[in-house]
Amino acid sequence: MPTPSDPARGAVARRALREAVVKLHPRSMRQNPVMLVVYVGALLTTVLLARDLAFHPGDSSPAFTAQLAIWLWFTVLFANFAEAVAEGRGKAQADTLRASRTRTRARKLDDPTQPDHYYYVSSNELERGDFIVCLPGDVIAGDGEVVAGVASVDESAITGESAPVVRESGGDRSAVTGGTKVLSDFLVVRITAGPGETFLDRMIALVEGAGRQKTPNELALTILLAGLTLILILTVVTLEPLARYAGTRLAVPVLVALLVCLIPTTIGGLLSAIGIAGMDRLIRQNVIAMSGRAVEAAGDVDTLLLDKTGTITLGNRHAVSLHPVGGVDDHYLAACALSASNADETPEGRSIVALARSRYGQKTPSEGDVRVLPFSASTRMSGIDDEVHSVRKGAGDAVTRWVREHGGLIAPELQALVESIARGGGTPLVVAERLHGVNGSVRVLGVIHLKDVVKAGMRERFERLRAMGIRTVMITGDNPLTAAAIASEAGVDDFLAEARPEDKMALVKREQLGGRLVAMTGDGTNDAPALAQADVGVAMNSGTQAAKEAGNMIDLESNPTKLIEVVEVGKQLLMTRGALTTFSIANDVAKYFAILPAMFLTTYPALASLNIMRLHSGNSAILSSVIFNALVIIALIPLALRGVRSRPAPASVILRRNLVLYGGGGLIVPFAGIKLIDMALVAMHLV
Amino acid sequence: MTTNGWVQFGLLGMTVALLTRPTGAWLVGVYSGSFGALGFAERAIYRVMRIDPNQDQPWTRYAEAMLTFSVVSMLMTYLVLRLQGMLPLNPQHLGAVAPSQAFETAASFTTNTNWQSYAGESTMSYFSQLTQFTFHNVASAATGMAVAAALVRGVSRKGSAGIGNFWVDLVRGTLYVLLPLSLVLALVFVQQGTIQTLQTPVVATTLEGVTQTLAMGPVASQEAIKLVGTNGGGFFNANSAHPFENPTPLTNFLQIVAILLIPAGFTRMYGRLVSSPRHGWVLWSVMGLLLTAGGAASYYAEAHGNPVHAARGVDVVGTATNPGGNMEGKEVRFGIPSSTLYATVTTAASSGAVNSMHDSFTPLGGLVTMLNIQLGEVIFGGVGAGLYSMVMMVILTVFIAGLMVGRTPEYLGKKIRAREVQVASLYALIFPAAILVPTAASAVLPQGLAGLANAGPHGLSEILYAFTSTAGNNGSAFAGLSGGSTWYNTLFGLVMLTGRFAMMVPVLALAGFLGEQGRVPDSSGTFPVTTVLFGVLLISVIAILGALTFFPALALGPVAEHYLVNAGRLF
Amino acid sequence: MRTVPLRPAITLTTVLCLLTGVAYPGLVTVVAQLLFPFQANGSLLSVNGEVRGSALIGQRFTEDWYFHSRPASAGGYDGMTSGGSNKGPSDRALADTVASAVAAVVRVEGGTAGAVPSDMVTRSASGLDPHISPANAALQVARVSRARGISRDDLRQLVARHTELRQLGVFGEPRVHVLRLNLALDSAAARRVR
């Protein structure tokens, strides 16, 4: 994902300033109950100021009321600015994306089997189910599924990665995204998204924050803040008659000032900025979340399901040794293994070839009349048949069954050997041969030891997750013994062995039934149901269309370990909200001590004892509090955008740290801040 | 302040601590249905009512049953008071109670407030006191306990539509908790001197030859349930200061213990039923700590006395023979420590029984009593009510602070989401609204000002205290306020009903919402609710929420009065 | 629409009314009258068959030869009313009342302003407080001694005999029972006359 370069920052800030004013429209203010109250208060104060200036000059100090009004407006503007800054970063990215969405001509096909008979239509006329053909140099006109052809595609517009990728029909690499460019060959694509619904469209909408809905947690917090605001409105409104009982008339601007200082404006003003910035941080990680809800859910994840292959281990296993059985010569075993693997282009096959060559000095057998039997899921073996013999290699039980079927005997030590390799985390590949001819014997030759290679640094990452209270479960097709060994080497908490696609789904459901939130990654079509079922399903951008539709996040870099970053972003989002709420509420203590004595200075001079900050005068106390309240919003914008630092630690440790920092800080900072502003106001003769 | 005074504080703490565990176990038995000693009586009652005791009610039905029962019983009391003159057991031939007074009194007893703006001995017949007030003392307490039990079920169940059966909870709470406890306590009180008779008042000739008429009545039976059910409505005007209600320092101590017994037991029951006994103890400790802080502040303020009176020649320094301090409105047998302890407990625990006159407390002593209620009746609180109010505070705390650990806030395996926050916020809003709005109105309207016994900030304190007490269903008073006017009777009645039922319904809704949820298993990422840190956090939220809401009003009442009295200003 | 559960509400109200409003207090009354008839009926103190008061309820004493109770509230130790002054700490009238009570103590009992026991010039919570503090009683000894012609030491002994200590050694405060003390004074006087 291309991120705006530094020169763009100035533009972002300028746009944010403009936006902050535009957002003063009542329609956008209505979104935020806390800031709406400030807005109405600022309006009211302004109207009263105008009235005072017009009719009652000298009734109350207009200079004071004017300053109050100005700072109340600043409070609103600062909050709008914060939101605009957060949105601005997304908008800049959306612009870049939009550039690649320029309308293109598409070569539409009426019959997908005849790719030569195309005619041109505009890309925005394409409907779901239409077929198009893309030739080299074409920008693919919409999201779709490749139905024929194979081509290299430049997806840098979406992923930012310059290396072209291969897209072909069938299998897990059949999805193409609108806006990407075909570099070679041709593709016939069935369009899967109508105009305006394409991935690119959605992505633009997401990064722009258009149609952004409050996430469940944000909604709950908004309700709490609205409740708190109502309580404080009640407190302030009823204060007027109580003061009247005591013989004081409180000016409305002063009451507005008290109210604005007390209601949680800090969090109220920054709440939406925090949410937008959270999405933005994900985008910087090259993850597109389809909803804010998914980002929040990421913070809540209890269980992480990770595929072993490609995520925990490197995608390929390596042959590390050969173990002959039944007195077979190890060089003979090597030769047979080599011939059986020669045509095997999988990384495992190649590693067997390499091992046979390097350690046993085997030469590549000459091309002869060789029939290659590729690996199939039903036989779970591969091998060759030539003039002399048939060689099979594969899973232990499959190969031994093959040997028995042909009347052969199994060497007694085989079972123990297979098990010991499996127990050590390796994959045993049994090699057997059947000699042709009348007295053709069948026998097991030995075992190839394939080993999984765990990616570097995985253990540390899982430890961090564990510290956060997240359990990791490795999913693998391996047998339980192998799985257990790799699980312990990688440091995951649990594993699911011999997993079939439907087992994955069952596991997700089982975890959820226990009340846990599950996150998983996937790319294949058979991952789709589980991805859809998981609370956080991260689909690889390289995956199939089905997987991408099913997940609620897409990782553009197609890095399965990205989940860990996603979880951290989710946690940070919630932490930031909590921290600023706590800060905001703790602030009120100091503000009471500043404003209340100031309000009743004339009636009950004895209450001056509560003026523990020794503020200069009533007016300066009130004004200082309002100014502090406004400035603190600006001061906390960077924190809102960056997010509270999240460290992997148990909840109790995080709580203690954040409580001291934001609760304690929230109590102390305003005492100092208000006092300083008071001193500054006095020095500048503003009060 | 004397060592002996602090020893009394310590003894109370120890006694309550020791009794919490068995009381909790008892409540578990009652509300989980495993007690059945009086099964025959229970079954007979259910048969008469034609209800199925095994039917599990969803929260809406539970609330409906609770409200219907309350309305019916309130209506009955209203009628009995209006027809008092025609009913039996009325040796003093007391007439009908006026309409607004009857409404307020019916509301008062139905809501477990027992605010009394009349003098019991000269207004209410034995029939009214027995059949209505004693009945409500039991029924309203059992209702509060039932709602708390329903909430406990909501928190502890998973994926359940029902939160129990209101009728069963009410009957079991009455049969297994309130009546047996009251029976025993009443007899102990009689042994110590509390009266229990249906005689007419006794006429005595004093040593100086003056006729003294001694009010009589079935006091002990009402006294016991008044305390056990945190009702607080006295037989006599002077309530537990009256020697016939609270004759000795020992009965006084037992009264305080009786007030705290069930509320304390509920924390234990809660801890056990939600499978987190430690959490129950954390709640207990938070309550205990707040109570101790209030008690110490009150004791300090009262023991130091009123500087205005000291300046006029009163020896406020206590000695072994002189009680010292501020003895206005306090009894000699209780002295300063037992009076402040009682005042703190009765306001904290929503009882409202008084053994000293809070109106005559020093400004800070009075502030403590008021603040105790304003913190939301969470410091042990009313029977049942204390627990559910505290759980509401916990929900708010968990939500605010829970976000800080980076997860959707979870409480005992339940997610706190928008609708849970919604009911908790509603709950937190209703309480200050019910206090501040009528206080503000009464502080400026002539109808409100007419009832004041004191001028200056203390007058405001009287109004504030009255609405605080009625909204908090406490029932104690700055009794100088003449609350018997139509204005106050009507407002108090409405405020009490709001403070009770408008808060119970959100509680039941919360119970329903939580019960529907599954239960998220704990992990190290779960917000901890069993730690000291959580306790500190909970105290902070309670204190800050209470302070935020009431600090301005308190500043104009007791706080201003404190500074003024110290400066020698009088009104 | 479903109907409101009126039937269970009404029947339960009736049943509980009988149970808690009749059966429970009735049972307590019967047992109390059987086990503790003296206390249950008001701890009445009779002299020669005539009820002179209750051991729990204070009386008003104005004569010099009696120890005086605490200042009376509005009810004036009438057993049919109870309650305190309900005057607040910043109340001018209360301060004035206290000031004149202090002045009276100085005048009548010969006390010194600043050393007047706090219970002596303040009104109790019930208005029926049967007790005074030992310091209060000690200050009255001189007056009663003068009026009765009993030596101060004898009086102090009598006061000590009617001083109740903390219950169980902990609860409450030391106090003097005014009615019992005055009854004892009268009976001692009667013995002397006889």
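One can find the structure itself at the top, above this paragraph.
Residues numbered from 1 in each chain as written. Chains lettered and ligands numbered in written order. Predicted model: local features only at pLDDT ≥ 70, side-chain atom pairs only at ≥ 80, totals over all residues. Heavy atoms only, no water.

(A) Main features of the interface of chain B and chain C. Between chain B and chain C, the residue contacts involve 115 residues of the former and 105 residues of the latter. Summing the contributions of chain B and of chain C, the shared interface buries around 8,700 Å²; its carbon and sulfur component is 63%. Together, Leu207, Glu208 and Val332 of chain B form the three largest contributors to the area buried by chain B at its contact with chain C, with a combined 9%. Where chain B meets chain C, there are one salt bridge. Between Glu328 of chain B and Arg123 of chain C there is a salt bridge, and its shortest N-O distance comes to 3.6 Å. Taken together, chain B and chain C are joined by 54 residue pairs in polar contact (both at pLDDT 80 or more). It is helix α7 (residues 166-192) of chain B that contributes the most residues to the side of chain B that touches chain C, 13 residues altogether. For strand β3 (residues 314-315) of chain B and strand β3 (residues 116-117) of chain C, the ladder comprises two bridges, and the chain directions are parallel. What sits directly across from Asp315 of chain B, in β3 of chain C, is Pro117 of chain C. (Contact = heavy atoms within 4.5 Å. Buried area = accessible area lost by both parts, 1.4 Å probe. Salt bridge = Lys/Arg side-chain N within 4 Å of Asp/Glu carboxyl O. Polar contact = N/O pair within 3.5 Å; in protein donor to acceptor, adjacent residues only side chain to side chain. Helix = DSSP H or I, 4+ residues; strand = E, 2+ residues; numbered from the N terminus. Pairing = 2+ DSSP bridges.)

(B) Expanded view of helix α2 (residues 39-49) of chain B. Taken residue by residue, α2 of chain B has Gly39, Glu42, Ile45, Tyr46 and Met49 of chain B as its buried positions. The buried residues of α2 of chain B occupy an angular sector of 130 degrees when projected down its axis, which confines them to one face. Opposite the packed face of α2 of chain B, turned more than 90 degrees from it, sit the exposed residues Phe40, Arg43 and Arg47 of chain B. On its buried side, α2 of chain B packs onto α7 of chain B together with α1 (6-35) of chain C. Just downstream of α2 of chain B lies Arg50 of chain B, where phi reads positive at about 55 degrees. (Buried < 20%, exposed > 50% of the residue type's maximum accessible area, 1.4 Å probe, protein only. Arc of directions from axis to C-beta.)

(C) Fine view of the packing of helix α12 (residues 335-348) of chain B against helix α13 (residues 363-374) of chain B. Residues and elements named next belong to chain B. Relative orientation of the contacting elements α12 and α13 amounts to 20 degrees, with a least axis distance of 8 Å. Compared by their axis directions, α12 and α13 come out roughly parallel. Crossing of α12 against α13: the hand is right-handed. Contacts between α12 and α13 involve Ala343, Thr344, Thr347 and Ala348 on the former and, on the latter, Thr369, Asn372 and Ile373. (Axes fitted to C-alpha atoms, helices over the stretch in contact; angles between N-to-C directions. Parallel < 35°, antiparallel > 145°, perpendicular 65-115°, else oblique. Left-handed = near helix turned anticlockwise from the far one by under 90°.)

(D) Layout of the sheet that holds strand β20 (residues 536-540) of chain A. Residues and elements named next belong to chain A. Across the sheet, seven strands lie side by side as β9-β21-β20-β19-β10-β17-β18; this open sheet has mixed pairing. Looking at the sheet topology across the chains shown, the edges are occupied by β9 (287-289) and β18 (494-496). The sheet shows a mean angle of 20 degrees between the axes of neighbouring strands, direction not considered. With three bridges connecting them, strand β10 (residues 303-307) and strand β19 (residues 518-522) associate as parallel partners. Within the sheet, the bridge partner assigned to Thr303 lies in β19 and is Val518. Those strands touched by helix α17 (residues 501-513) are β10, β17 (471-475), β18 and β19, and its axis lies near 160 degrees from that of β19.

No statement about biological role is implied by the geometric values presented.
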